[in-house]
Amino acid sequence: MHLFSQFTPSTTDINRTSSIYNIFNIAHYTNKLLKQSEIEEILSKIWIPDINYNFPIKISVVGKQQKVLKLKFQYKWLINFPWLAYSEVNNGMYCKYCVAFTKNEAGVNNRKLGAFVLKKYDDWKHAMENFKNHSNLEYHKKSLLDADNFLNMLKNPIWAIDKIIDNEKNKQILQNRKNIIPIIEAVILCGSQNLALRGHRYSGKIESNDSKVINEGNFIEILRYRAQGDIKMKTYLESSGKMKYTSNRSQNNMIDACNKILLD
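Residues numbered from 1 in each chain as written. Predicted model: local features only at pLDDT ≥ 70, side-chain atom pairs only at ≥ 80, totals over all residues. Heavy atoms only, no water.

Chemist: How should I be thinking about the packing of aromatic side chains in this particular structure?
Modeler: The description of an aromatic ring pair uses the distance of the two centres, along with the angle that the planes make with each other. Tallying each qualifying case throughout the model produces 20 aromatic pairs. A centroid spacing of 4.6 Å and a plane angle of 10 degrees characterise the contact between Phe116 and Tyr121, whose relative ring orientation is stacked. There is no split in this pair, since Phe116 and Tyr121 are both buried. Each member of the aromatic cluster is reached from another via a ring pair, and the members are Trp47, Tyr53, Phe55, Phe73, Trp77, Phe81, Trp83, Tyr86, Phe116, Tyr121, Trp124 and Phe131. Its end group placed over the ring of Tyr236, Lys244 keeps NZ or CZ at 4.8 Å from the ring centre. (Phe/Tyr/Trp six-rings, centres within 6.5 Å; stacked < 30°, edge-to-face > 60°. Buried < 20%, exposed > 50% of the residue type's maximum accessible area, 1.4 Å probe, protein only. Lys NZ or Arg CZ within 6 Å of the ring centre and 35° of its normal.)

Chemist: What is the right way to read the environment of Lys244 from this model?
Modeler: Residue placement: Lys244 occurs in the loop between helix H10 (231–238) and helix H11 (248–263). Accessibility expressed as a relative area gives 10% for Lys244, which makes it buried. Sequence separation between Lys244 and Ile206 is 38 residues; the distance between their C-alpha atoms is 9.7 Å. With residues near it in sequence (within four places) discarded, Lys244 still touches Ile183, Tyr236, Leu237 and Ser239. Among the polar contacts listed, one links the side chain of Lys244 to the side chain of Ser239, at a separation of 2.6 Å. (Helix = DSSP H or I, 4+ residues; strand = E, 2+ residues; numbered from the N terminus. Contact = heavy atoms within 4.5 Å. Polar contact = N/O pair within 3.5 Å; in protein donor to acceptor, adjacent residues only side chain to side chain.)

Chemist: For this particular structure, what's the right way to read the side chain of Lys244?
Modeler: For the buried residue Lys244, which engages in no salt bridge, the nearest side chain bearing the opposite charge is Glu238, 9.6 Å off. Only 2.6 Å separates the side chain of Lys244 from the backbone oxygen of Tyr236, close enough to count as a polar contact. (Lys, Arg positive; Asp, Glu negative; His and termini not counted. Salt bridge = Lys/Arg side-chain N within 4 Å of Asp/Glu carboxyl O.)

Chemist: Honestly, the nonpolar core in this entry has me stumped. Any pointers?
Modeler: Soluble globular proteins: nonpolar side chains tend toward being buried together. Membership of the largest hydrophobic core comes to 21 residues, with the highest contact counts inside it found for Phe73, Leu84, Met93, Phe116 and Phe131. Breaking this core down by element, the ones donating at least two residues are helix H4 (76–80), strand S3 (84–87), strand S4 (92–95) and helix H6 (127–135). With residues up to four places along the chain from it excluded, the contact list for Phe116 reads Trp83, Leu84, Met93, Tyr94, Cys95, Val99, Tyr121, Asn130, Phe131 and His134. (Core = buried A, V, L, I, M, F, W, Y, C linked by side-chain atoms within 4.5 Å.)

Here it is as structure tokens:
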């Protein structure tokens, strides 16, 4: 009897092998601001059930006839959708990449996120359909790229710094292009309506709510009017910095560019 109890694992020992006691369970990382070390854990150390793991059955009652369904998670889903992470804590699934990199709001109109990110997913009946839908979401695709960049940063910190600089530079270029579009449109509008661009004097900085007695011209007034209903443009025009592309020289360059396009 003594020998038998010596080699039989205790209840405590058995429980310690469970992922509930494993700090790398995906459920422990949700609904919190993650540190870099925690993101690394999600990407490289997150708990994965063994192929012989016995997933619990979820009983659901569906339809008018109150049909009882007994369904459970399928291990093959982890292979078909590598972004999935199973939590034994609540018998639910999460997207480990979205948990690591997606904020609380994303998608259309920045809606608050739910299943796969902030909440578990456990609708096994419609699992395949919803797994595929999640795979096609833009914020999910962005999370995959963020994960790839994060892992590259860990492998090569110097490369990561260069990459960050390049990314920031590209972001600035794209933002500058967005900022200049309404300015070009104002020039084109004045030209198409045979309106003079400049007034008696142009003071430089454009305040969207500023109504001056001095006539600064149709071009500036169009931008000022448009900025009243465009918060991004308002912020751009009223922010500090010299390169606003609203100067007389910039206007002339835009006019020349339009002429070349029309004449070519």
